[in-house]
Amino acid sequence: MKPIPYEDTLIVPASAIDQLNHVNNVTYLQWIQDIAQKHWETKTPKTIREKVGWVVLDHFIEYKKPSFEGEKLSLKTWIEDYGNFKSQRCVEIKNTNTNALIVRAKTTWCLIDLKRQKPTRITPEITQPYFE
């Protein structure tokens, strides 16, 4: 199965800039989580989202180049792999003008039952909207 990517763009706000005059690393982490959330909310029916959710087990982030206030960035995410309870999601952030890779990330997520707050199985109804 081939993953169906989800993409969004943003303009780097002044609030994202740190004392080195580029986007702060913590801001990239927030954007990585935000794009994952948007993808989940866009592709997954509300009836499923009311029962299950995701928690992060780990993040691996490579910072390739800095980005600066006012730049337009493209954020692209997709599900790379999944098992019974865990899923690996990739994110790439690029400068839309230069196509330069700014950040590459891989996050391991665990699906949980929202009522029990315990891991639960990833079913075909959950994965189907994310793959061709």
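The structure we're discussing is the one just above.
Let us look at the structure shown here. (Residues numbered from 1 in each chain as written. Predicted model: local features only at pLDDT ≥ 70, side-chain atom pairs only at ≥ 80, totals over all residues. Heavy atoms only, no water.)

Side note on the packing of aromatic side chains
Now for step 1: Going through the model one piece at a time under the given rule, you end up with four aromatic pairs.
Now for step 2: Ring geometry for Tyr28 against Tyr63: centres 5.8 Å apart, planes inclined by 50 degrees, an arrangement best described as tilted. With Tyr28 in helix H1 (residues 25–43) and Tyr63 in strand S2 (residues 52–63), this pair connects stretches of sequence that are 35 residues apart.
Now for step 3: You can call Tyr28 buried: its relative accessible area is 2%.
Now for step 4: Note on Tyr63: relative accessible area 37%, which makes it partly exposed.
Now for step 5: With a centroid separation of 5.8 Å and 85 degrees between ring planes, the pair formed by Trp40 and Trp54 is classed as edge-to-face. One end of the pair, Trp40, is in helix H1; the other, Trp54, is in strand S2, and 14 residues separate them in sequence.
Now for step 6: The buried category is assigned to Trp40, whose relative accessible area is 8%.
Now for step 7: The class of Trp54 is partly exposed, set by a relative accessible area of 24%.
Now for step 8: Through pairs of rings, three or more aromatic residues link up here, namely Tyr28, Trp31 and Tyr63. (Phe/Tyr/Trp six-rings, centres within 6.5 Å; stacked < 30°, edge-to-face > 60°. Helix = DSSP H or I, 4+ residues; strand = E, 2+ residues; numbered from the N terminus. Buried < 20%, exposed > 50% of the residue type's maximum accessible area, 1.4 Å probe, protein only.)

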